[in-house]
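Chains, contacts and geometry: an overview
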Amino acid sequence: MKTMLAIISKALCRITGKNVGARVVVARKFADFTPQATFDIKKCDLHRLEAGPPVRAELTREQGLQFYRTMQTVRRMELKADQLYKQKIIRGFCHLYDGQEACAAGIEAAITPSDHLITAYRAHGYTYTRGVSVKQILAELTGRKGGVAKGKGGSMHMYAPHFYGGNGIVGAQVPLGAGIALACQYQGNNQVCVTLYGDGAANQGQIFETFNMAALWKLPCIFICENNQYGMGTSVERAAASTDYYKRGDFIPGLRVDGMDVLCVREAAKFAADHCRAGKGPIVMELQTYRYHGHSMSDPGVSYRTREEIQEVRSKNDPISMLKERMLSSKMASAEEFKEIDTEIRKEVDDAAQFSTSDPEPPLEDLCNHVFCSDPPLDVRGVHPWSRLKSVS
Amino acid sequence: MATSLRCFLRSGKKAVLVAGRRGFQRSAPAGVQVTVRDALNQAMDEELERDERVFLMGEEVAQYDGAYKVSRGLWKKYGDKRVIDTPISEMGFAGIAVGSAMAGLRPICEFMTFNFSMQAIDQVINSAAKTYYMSAGLQAVPIVFRGPNGASAGVAAQHSQCFAAWYAHCPGLKVVSPWNSEDAKGLLKSAIRDDNPVVFLENELMYGVPFEMTEESQSKDFTVPIGKAKIERPGNHITLVSHSRFVGHCLDAAAVLAKEGIECEVINLRTIRPMDVESIEASVMKTNHLVTVEGGWPQFGVGAEICARIMEGPAFNYLDSPVTRVTGVDIPMPYAKTLEENSLPQVKDIIFSVKKTLNV
């Protein structure tokens, strides 16, 4: 069919001398694809909820391609970070998100840019979905002045409007997130705060303190536990007396969601956001997901789990593959289109990596800046008494 | 100031008006007696009224009127939204306060005493103090952490620690330690208006102490700048530097020493970080002798820092003797009255140290 169209198109071009044929082919191409389809998604386990998110999810071709683009960009960006780390161009801590892309992409699709989001240190994916470019992320990882935090924050400390990082202390971001939700409630702006933490952090005391206050004050806070089965090298069974993380909010309603299915995540997050916006108070969501890399770049990730397990998830449950297969089998897009998107993303990530390795580091003059906000310049003691440095707000 | 105080006590407010320099002001008395507690209350009241993003949260701050009654009347006036009672969850509510500051509010987070702030210290340091720097200026945290600090009376070891040195160690924080009512009101207002995290160290034993406040300090826009020390009493023979309650002890010691012809210059630090070293240096270059006085422990304390800074600066060459530190005893605080009294600097200890430093 396509070859015939190509022949007709070329013929038309020769006859008319114009590029009419191309338009004909393009118009035919789009009409071939299903513009929208509905998919069955896994039912969520519910805690203290009468009803949950729908079990069927609509997906438009446009949104599907956007999901693919987002998840593939995060995937390739993380793999590039892996490469740069092994080349010792990225230093220190680097916690990669590949495998968990559906969580970030699905959540972002369910909220608006004026909503708020905060997470822990496995933050590169969310930094991207919240609006920071791959270029600015990679340059921050390589510690250059073109990084989103001018090279002063690094992997765990990237920020954007309505995105509060990137937090290094396990669990500390959870009270912060409830505080952001308090601000939303206080200002009456109908916004919500998505507050993420991992299965490891789920055992932190401050999270339970936060659950109590959020429920007491009905804060519009969506607590999301990204359960990737391992807190560093400790499996969930070895860390938690109860691994039903969606129930750990006790008096707070909860749902357990298939975190590898971007549509599941989107529907659940939408459900949760509606719950909060209706003034019903906080809600807990557990996203069952998986990370391909170890805890960080210093962890090969195979001493506490088998390679077979990792391979099994990759082949049967990969979020990007699942979306792609769904769209292909429903004729929502073509394999060529996905390939084209892949090529574009590869270029974007390569260009970003190029920038991140060639951009200069922040100048020494910047060393002491940004200690205080809105203040006149401050004297800062250097390494020895003769080193008198200056800090500008 | 001493004269007008005596006048006031003898013949009431009118005497102060006459004794004060503002004889032409007919509208209101120049000075008025205000306790530190009421000064703090006024500061919060005025700032709550001025900026609706300001709110107070902590244990018992609302319906109980504050564990030490510092927030008396505020909940009645401003309601649940602006004055929030929290459960006993320091780490949780400190984090919530910090998060709310990140998202545009201006919280005042009260710790019932700073001893309990240790539960929450990670949020103060890692979430509040460091964030503006880590984000290269993208994320400010305009928050005040306030509460009583240091020894009280008979509350024993776990409730008597001074945290000035702990918090002042950290870049990204401002640490303020008022002594009298004017300090308390002016500095708290500055702290609330400051866009940075401020640790505001009050003193429980000072809450009930009245001080005369000038008319100027009654104004709703009266603030005392953070980062500037005040010379409470000028003198030529020796410099005494202190903060919080012990400023009063220094002034008492200075009064006794004056009778013996020793004139002490008493400096009230007001702010621990950023410390106004220039004021101390200028004083030392005049008096050639320095004694620091604090309630906290000696090791790695405020006095230790002052010693180091003086040595590194121009004032070192003007010292006629090493700097003397007068501090709390290097032990956990005991309970028994005599033991407790002897665990903290008394006026006689300051007098003794001054004479030793002057070699008289």
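Residues numbered from 1 in each chain as written. Chains lettered and ligands numbered in written order. Predicted model: local features only at pLDDT ≥ 70, side-chain atom pairs only at ≥ 80, totals over all residues. Heavy atoms only, no water.

Some points on the pairing of strand β3 (residues 56-60) of chain A
All names here are of chain A. Side chains of β3 alternate between two faces, with A57 and L59 buried and R56, E58 and T60 left unburied. When strand β1 (residues 36-40) meets β3, the two strands line up antiparallel, connected through five bridges. Residue pairing for β3: T38 is matched across the bridge by E58. (Buried < 20%, exposed > 50% of the residue type's maximum accessible area, 1.4 Å probe, protein only. Helix = DSSP H or I, 4+ residues; strand = E, 2+ residues; numbered from the N terminus. Pairing = 2+ DSSP bridges.)

Digging into the packing of aromatic side chains
This model, assessed by the stated rule, comprises 15 aromatic pairs over all chains. Ring centres of Y68 of chain A and F338 of chain A lie 4.5 Å apart, and the angle between their planes is 55°; this geometry places the pair in the tilted category. Here F338 of chain A lies in helix α13 (residues 335-358) and Y68 of chain A lies in helix α3 (residues 61-86), a separation of 270 residues in the sequence. The class of Y68 of chain A is buried, set by a relative accessible area of 1%. When the ring of Y186 of chain A is compared with that of F55 of chain B, the centres are 5.5 Å apart and the planes differ by 45°; the resulting orientation is tilted. (Phe/Tyr/Trp six-rings, centres within 6.5 Å; stacked < 30°, edge-to-face > 60°.)

Section: the interface of chain A and chain B
Taken together, the contact between chain A and chain B spans 38 residues of the former and 46 residues of the latter. Per-residue buried area on chain A facing chain B is highest for Y159, Y186 and F372 of chain A; these three make up 21% of the total on that side. Counting every contact that joins chain A to chain B gives two salt bridges. As a salt-bridge pair, R381 of chain A and E312 of chain B come within 2.4 Å of each other at their nearest N and O atoms. Across the chain A-chain B interface, the total number found is 16 residue pairs in polar contact (both at pLDDT 80 or more). Of all the secondary-structure elements, those providing two or more residues to the side of chain A that touches chain B are α7 (173-187), α8 (205-217) and β11 (378-381) of chain A. At nine residues, α7 of chain A tops the list of elements feeding residues into the side of chain A that touches chain B. (Contact = heavy atoms within 4.5 Å. Buried area = accessible area lost by both parts, 1.4 Å probe. Salt bridge = Lys/Arg side-chain N within 4 Å of Asp/Glu carboxyl O. Polar contact = N/O pair within 3.5 Å; in protein donor to acceptor, adjacent residues only side chain to side chain.)

Re unusual backbone geometry
Negative phi values dominate among residues other than glycine, just as trans dominates among peptide bonds. Put simply, R273 of chain B and P274 of chain B share a cis peptide bond, and its omega is 0°. Within the secondary structure, P274 of chain B sits in the loop between β12 (271-273) and α10 (277-287). Even without being a glycine, K88 of chain A presents a positive backbone phi close to 65°. Topologically, K88 of chain A is positioned in the loop between α3 and α4 (101-110). Relative accessible area serves as the criterion here: at 71%, K88 of chain A is assigned to the exposed category. Notably, H370 of chain A is not glycine yet its phi reads approximately 70°, a positive angle. Given the relative accessible area of 9%, H370 of chain A is considered buried.

Points about the domain arrangement of chain A
Here chain A is described as being made up of domain 1 (36-362) and domain 2 (365-392). Put simply, the middle of domain 1 of chain A and the middle of domain 2 of chain A, counted by C-alpha atoms, are 36 Å apart. (Domains from an automatic or database assignment.)

With respect to the UniProt feature "domain: Transketolase-like pyrimidine-binding" (unreviewed entry) in chain B
Per the UniProt annotation, the sites labelled "domain: Transketolase-like pyrimidine-binding" (unreviewed entry) are residues 34-209 of chain B. Secondary structure across residues 34-209 of chain B divides into 39% helix and 16% strand, with the first and last C-alpha atoms of the span separated by 8 Å. (UniProt positions renumbered as here; feature names shortened; annotations may be inferred.)

Some words on the nonpolar core
Grouped together as the largest cluster of nonpolar side chains are 78 residues, with contacts concentrated most on Y197 of chain A together with F145 of chain B. No other element matches the eight residues that α7 of chain A contributes to this core. What Y197 of chain A contacts, discounting residues up to four positions off in sequence, is Q173, V174, A202, I207, F211, F223, I224, C225, E226 and V284 of chain A. Listed in part, the 71 residues of the second largest apolar core include L65, C94, F163 and M285 of chain A. (Core = buried A, V, L, I, M, F, W, Y, C linked by side-chain atoms within 4.5 Å.)

Some words on α8 of chain A
Side chains of residues three or four places apart in an α-helix project in the same direction, reflecting 3.6 residues per turn. For α8 of chain A, with 13 residues, the first-to-last C-alpha span of 19 Å sits near the 18 Å given by 1.5 Å per residue. Of the residues making up α8 of chain A, those classed as buried are Q206, I207, T210, F211, M213, A214 and W217 of chain A. (Expected span 1.5 Å × (residues − 1).)

Some remarks on the pattern of salt bridges
Residue and element names in this part refer to chain B. One pass over the full model with this rule turns up 47 salt bridges over all chains. Between D349 and K348 there is a salt bridge, and its shortest N-O distance comes to 3.7 Å. Given the relative accessible area of 26%, D349 is considered partly exposed.

Some details on the environment of S358 of chain A
Residue placement: S358 of chain A occurs in helix α13. A distance of 2.9 Å separates a polar side-chain atom of S358 of chain A from the backbone oxygen of Q354 of chain A.

Examining α7 of chain A
Residues and elements named next belong to chain A. Helix length check: α7 (15 residues) gives 21 Å between terminal C-alpha atoms against 21 Å at 1.5 Å per residue, within 8%. Counting buried residues in α7 gives 13 out of 15 residues, a clear majority hidden from the surface. Immediately downstream of α7, the backbone of G188 shows phi near 60°, a positive value.

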